Amino acid sequence: MIKDNLMDKIVSLSKRRGFIFQNSDIYGGLANTWDYGPYGVELKNNVKQAWWGAVVHRRSDMFGMDAAILMHSRVWEASGHLSSFSDLFVECKDCKKRFKADVLAGKNNKCPQCGSALISKPRRFDLMLKTSLGAAEGSSEDVYLRPETAQGMFVNFLNILDSRHPRLPFGIAQIGKAFRNEITAGNFIFRTREFEQMEIEYFIRPENADKFYKQWIQQRFNWYINLGIRKENLRKKAHSKEELAHYAKACTDIEYNFPFGWSELEGIANRTDFDLRRHSELSGRKLQFFDARTKKRFYPYIIEPSGGVDRSVLAFLVDAYREEEVKGRKRVFLSLDKRLAPTKVAVLPLLKNRPRLTKLAREIATDLKKSFVTVYDDTAAIGKLYRRQDEVGTLYCVTIDVQSLEDRQVTVRHRDSMKQDRVGVDRLKQYLREKLVSG
Ligand code: ATP
């Protein structure tokens, strides 16, 4: 069964093939911190690009931005993070494992790891990561690494209004790093202390909040499905009143069926006018919208779809993982959507010790690189080269054989079906372009 040890298989493939490595590995590693390797960075960039295309470039009501990670400390006072961004955690006195206190609900107050009933009293833990600015000793100032990218968009609300003059509804979108001092980090890149968010703040008239809240939940759900996540692995889960964050009137999570259980990929919240009001109170600037029709100023409501880049990468990897038997041997491949696949084409000479053959293969690879993300590999026998490319989800393998030197034709092998086509070198680019556009 694929589901068995699926996380172990994903972690091991990620390291073996260059997707994701343990951070500071040669020093024993820094817990819950991961680095993206050559294929990982391509996949991650493709996820971000797919998001940016869908929520910024292909819409006319959205503006992108990129705020700094460090912000004025009063931002966190206004947002409520300084007073209430903390978690309650408990520790099992037997196995010493720490859990968020809410994990024990429904488990009879027993440790989910070892079943012990010896659980410590809940303690509060501050989630904000602090650092200091200023050169001279004694004159430094405490600042925080942002725990969400959202605030960078709220404090730029007037700048967007004044520079782009949007009408309501409109939104601001941003992708960037966020930091949280998580107590129970884990499950590979699912929960880390440094991660990337893809967030939208969508400004609307208060009376339209329900409509846009529902619309965004559906649009964000469809985004994952459109990029290949199987429908049965995705669900929506509305928060109960008790689960809502201090700023939210409603929130729905989009959850993915990870090997460790259903867990949040993205949350869509109705943040009301909480943030704009709070920043107005503390900054003295009125973060309001001027309605030219009624000549009145008011605080718009905000719908916030907030997703994690790393969690999406993990969901796409898990969902794309396939094992099948081909001629008595196991074949592992990543059936990633063509937009997400880290490499589109691999050029592989059938024999590595024939200079005329590798020369032609290199020439073809150099030419293809101008149009597609292409790799060239001649460091193993063809069977092994195919296995490597399957495991990283490369869409098309172009094989150059002895016959190619005579007839200037190459073999194109399709990742999922393993179907092979013979294509003339002069037509190859056009052939691949058509496949990559149409599927
Ligand atoms: P959780 O309940 O899992 O801690 P959250 O509800 O605190 O998540 P949000 O504050 O809503 O998360 O953040 C929005 C998104 O940012 C999440 O849906 C998730 O994709 C991502 N995210 C949040 N915390 C982390 C983390 N520690 N590591 C990786 N991604 C994260």
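This text goes with the structure placed above it.
Residues numbered from 1 in each chain as written. Predicted model: local features only at pLDDT ≥ 70, side-chain atom pairs only at ≥ 80, totals over all residues. Heavy atoms only, no water.

Asker: Please explain the overall build of the protein chain as it appears in this structure.
Answerer: Helix and strand content of the protein chain: 13 helices and 23 strands. Projected onto its principal axes, the C-alpha positions of the protein chain cover 75 × 65 × 50 Å. Here the protein chain, with 439 residues, has 51% of them falling under the buried criterion. For the protein chain, the accessible surface area stands at approximately 21800 Å², while carbon and sulfur atoms represent 48% of it. Here the protein chain contributes 76 positively and 56 negatively charged side chains, and the mean placements of these two sets differ by 2 Å. (Helix = DSSP H or I, 4+ residues; strand = E, 2+ residues; numbered from the N terminus. Buried < 20%, exposed > 50% of the residue type's maximum accessible area, 1.4 Å probe, protein only. Areas by Shrake-Rupley, 256 points an atom, 1.4 Å probe, with all protein chains shown as cover. Lys, Arg positive; Asp, Glu negative; His and termini not counted. Charge placed at Lys NZ, Arg CZ, Asp CG, Glu CD.)

Asker: Would you mind going over the pairing of strand S10 (residues 194-204) with me for this structure?
Answerer: A regular strand places its side chains so that they alternate between the two faces of the sheet. Counting buried positions along S10 gives ten out of eleven residues, so the element sits mostly inside the fold. Note: strand S9 (residues 170-179) against S10, ten bridges, orientation antiparallel. The residue bridging Phe179 from the neighbouring strand is Glu194, located in S10. Where S10 meets strand S16 (residues 301-308), six bridges bridge the pair, whose relative direction is antiparallel. Each bridged residue has a counterpart across the sheet, and for Glu199 the counterpart in S16 is Ser306. (Pairing = 2+ DSSP bridges.)

Asker: Sorry if this is basic, but what is going on with the sheet that holds S9 here?
Answerer: Working definition: the strands of a sheet are paired by backbone hydrogen bonds and lie parallel or antiparallel to each other. Sheet architecture is open: seven strands sit in the order S3-S9-S10-S16-S13-S12-S11, paired in mixed fashion. Each of the sheet's edge strands pairs with one partner strand only, and the pair in question is strand S3 (62-64) and strand S11 (234-238). Across the sheet, the mean angle separating the axes of adjacent strands is 25 degrees when strand polarity is ignored. Inspection of the sheet shows S11 paired to strand S12 (residues 250-258) by five bridges, in the antiparallel sense. Paired with Lys237 across the strands is Asp253, a residue of S12. Sheet contacts for helix H6 (residues 157-164): S3, S9 and S10; angle to S9, the most-contacted strand, approximately 140 degrees. (Axes fitted to C-alpha atoms, helices over the stretch in contact; angles between N-to-C directions. Contact = heavy atoms within 4.5 Å.)

Asker: Explain helix H9 (residues 309-320) to me, please; I cannot follow it from the model alone.
Answerer: Given 3.6 residues to a turn, an α-helix orients residues that are three or four positions apart in the same direction. Helix length check: H9 (twelve residues) gives 16 Å between terminal C-alpha atoms against 16 Å at 1.5 Å per residue, within 8%. Most of H9 is tucked away, with twelve of its twelve residues classed as buried. Every buried residue belonging to H9 is among Val309, Asp310, Arg311, Ser312, Val313, Leu314, Ala315, Phe316, Leu317, Val318, Asp319 and Ala320, and all of these are buried. (Expected span 1.5 Å × (residues − 1).)

Asker: Honestly, the pattern of salt bridges in this entry has me stumped. Any pointers?
Answerer: Where side chains of opposite charge bring their charged atoms close, a pairing between them can arise. If you walk through the whole model with that rule in mind, you get 35 salt bridges. Across the salt bridge formed by Asp61 and Arg59, the nearest N and O atoms sit 2.9 Å from each other. By relative accessible area, which is 23% here, Arg59 ends up partly exposed. A salt bridge links Asp390 to Arg331, with the nearest nitrogen and oxygen atoms 2.9 Å apart. Linking Asp390 in helix H11 (residues 382-391) with Arg331 in strand S18 (residues 329-334), this pair joins segments that are 59 residues apart in sequence. Here the residues in one salt-bridge network are Glu148, Arg271, Asp275 and Glu304, joined through shared partners. (Salt bridge = Lys/Arg side-chain N within 4 Å of Asp/Glu carboxyl O.)

Asker: Explanation requested: the packing of aromatic side chains in the structure shown.
Answerer: Aromatic ring pairs are described here by two measures, namely the spacing of the ring centres and the angle between the planes. All chains considered together, the criterion is met by 17 aromatic pairs. Taking 5.8 Å as the distance between ring centres and 35 degrees as the angle between the ring planes, the aromatic pair formed by Phe19 and Tyr39 counts as tilted. One end of the pair, Phe19, is in the loop between helix H1 (6-17) and strand S1 (20-22); the other, Tyr39, is in helix H2 (residues 38-57), and 20 residues separate them in sequence. By relative accessible area, Tyr39 is classed as buried at 16%. On the basis of an interplanar angle of 80 degrees and a centroid distance of 4.7 Å, the ring pair of Trp34 and Phe188 is categorised as edge-to-face. With Trp34 in strand S2 (residues 34-36) and Phe188 in the loop between S9 and S10, this residue pair connects regions lying 154 residues apart in the sequence. Relative accessible area serves as the criterion here: at 23%, Trp34 is assigned to the partly exposed category. A cation over an aromatic ring shows up here: Lys236 above the ring of Phe221, its NZ or CZ 4.7 Å from the ring centre. Above the face of the Phe190 ring, Arg311 is positioned so that its terminal group lies 3.8 Å from the ring centre. (Phe/Tyr/Trp six-rings, centres within 6.5 Å; stacked < 30°, edge-to-face > 60°. Lys NZ or Arg CZ within 6 Å of the ring centre and 35° of its normal.)

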